[in-house]
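# Structural overview for review
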Amino acid sequence: MRISAKGEYAIRAMLDLAMRHGQGLIPIQEVARRQGIPQRYLEQVLLLLKRAGFLASKRGSTGGYHLRQPPEEISVGAVLRAVEGSLTPFEVGGREPRGRRGGDGDLAELWREVGDAVAAVIDRTTFADLVERAAARRSPSRSMYHI
């Protein structure tokens, strides 16, 4: 599975908006600046996410974007699929596994298992989880044993 710049930007933008969930409309310029994403490209990505039902927006000087659902209801996998399409097949060395040609058939089951494992992780990880992780990394009082 390869994640394109579009997929990475979608995840970063959604995380940015999830961190500000409940704060109203967030201007695209702020998201672009904080995330280091070119605004014109971010506009295209956010439009895809809006069409997929993850975002709502308002135009104008007081406009911006916000999540349509709480961050705990949006998985990373769902967002990636919305912008990347199908996340299979798993890619090996920049190419798709060849199935039974050559010796690759011996490894096909392994690559399928790896792809399934990746899908399981991104499907169970929500943006609320990512917000929590980000907050824990930024917390000066965080220790390895903090409960």
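Residues numbered from 1 in each chain as written. Predicted model: local features only at pLDDT ≥ 70, side-chain atom pairs only at ≥ 80, totals over all residues. Heavy atoms only, no water.

## Details of the environment of Leu130
Here is the rule we go by: Note on conventions: DSSP H or I runs of at least 4 residues are helices, E runs of at least 2 residues are strands, and numbering of each starts at the N terminus. Here, residues are in contact when the closest pair of their heavy atoms is within 4.5 Å.
Along the chain, Leu130 falls in helix H6 (residues 127–138). Residues Leu130 and Ile11, 119 residues apart in the sequence, show an inter-C-alpha distance of 9.9 Å. If sequence neighbours within four positions are ignored, Leu130 has contacts with Ile11, Leu15, Val76 and Thr125.

## Brief notes about the pattern of salt bridges
Spelled out, the test is: Think of a salt bridge as a Lys or Arg side-chain nitrogen and an Asp or Glu carboxyl oxygen that are within 4 Å of each other. Buried means the residue's accessible area, taken with a 1.4 Å probe over protein chains only, is under 20% of the maximum for its type, while exposed means over 50%, and partly exposed covers the values in between.
Tallied over the entire structure, the rule returns five salt bridges. Residue Arg12 pairs with Glu8 through a salt bridge whose shortest N-O separation is 3.2 Å. Remark: Glu8 and Arg12 occur in helix H1 (residues 5–19); sequence separation between them is four residues, near one turn of the helix. For Arg12, a relative accessible area of 23% puts it in the partly exposed group. Exposure remark for Glu8: the relative accessible area of 41% places this residue in the partly exposed category. Measuring nitrogen to oxygen at the nearest pair gives 2.6 Å for the salt bridge that ties Arg81 to Asp123. Placement of Arg81 in helix H4 (residues 76–84) and of Asp123 in helix H5 (residues 108–124) is noted, with a sequence separation of 42 residues between them.

## Some details on helix H2 (residues 28–35)
Rule in force here: As used here, the arc belongs to the directions running from the helix axis to the C-beta atoms.
When H2 is considered as a whole, its buried residues turn out to be Ile28, Val31 and Ala32. Across the axial projection of H2, the buried residues extend over an arc of 95 degrees, all falling on one side. At its buried positions, H2 is contacted by H1, helix H3 (39–51) and strand S2 (64–67). After H2 finishes, the residue Gly36 shows a positive phi value of roughly 65 degrees.

## Some words on the pairing of S2
How we decide: Should DSSP find at least two bridges between two strands, the strands are taken to pair.
Bridge analysis of strand S1 (residues 55–58) against S2 gives four bridges, and the strand direction is antiparallel. Paired with Leu55 across the strands is Leu67, a residue of S2. As consecutive antiparallel partners, S1 and S2 are separated by five residues, and within that stretch Gly60 has a phi angle of approximately 105 degrees, a positive value.

## Overview of the nonpolar core
Quick reminder of the rule: Put simply, a nonpolar core is a bunch of buried Ala, Val, Leu, Ile, Met, Phe, Trp, Tyr and Cys residues held in one set by side-chain atoms that sit within 4.5 Å of each other.
Of all hydrophobic cores here, the largest spans 30 residues; its most connected members are Met14, Leu42, Leu46, Leu49, Leu55, Val79 and Phe127. Those elements that place two or more of their residues in this core are H1, H2, H3, S2, H4 and H6. It is H1 that provides the largest number of residues to this core, a total of eight residues. In this structure Met14 touches Leu49, Phe54, Leu55, Leu67, Ile74, Val79 and Phe127, once residues within four positions along its chain are discounted.

## Observations regarding the side chain of Asp16
Tracing the backbone shows Asp16 in helix H1. Among the residues examined, Asp16 registers a relative accessible area of 1% and is labelled buried.

## Some remarks on the layout of surface pockets
How we decide: Both cavities and pockets are sets of points on a 1 Å grid over the protein atoms alone; in a cavity a 1.4 Å probe fits but cannot get out, in a pocket the set is open with protein on both sides within 12 Å along at least five of seven lines, and lining residues sit with an atom within 4 Å of a point. Grid points are joined across faces, edges and corners, and a volume is the space filled by probe spheres set on the points. The nonpolar class holds Ala, Val, Leu, Ile, Met, Phe, Trp, Tyr, Cys and Pro. Asp, Glu, Lys and Arg form the charged class, and all remaining residues, Gly among them, are polar.
Empty space within the largest pocket amounts to approximately 330 Å³. Forming the boundary of the largest pocket are 14 residues, of which Ile28, Ser57, Lys58, Arg59 and Tyr65 lie nearest the centre. Contributions of two or more residues to the lining of the largest pocket are made by H2, H3, S1 and S2. For the lining of the largest pocket, the element with the most residues is H3, which contributes three residues. When its residues are assigned to classes, the lining of the largest pocket shows four nonpolar, six polar and four charged.

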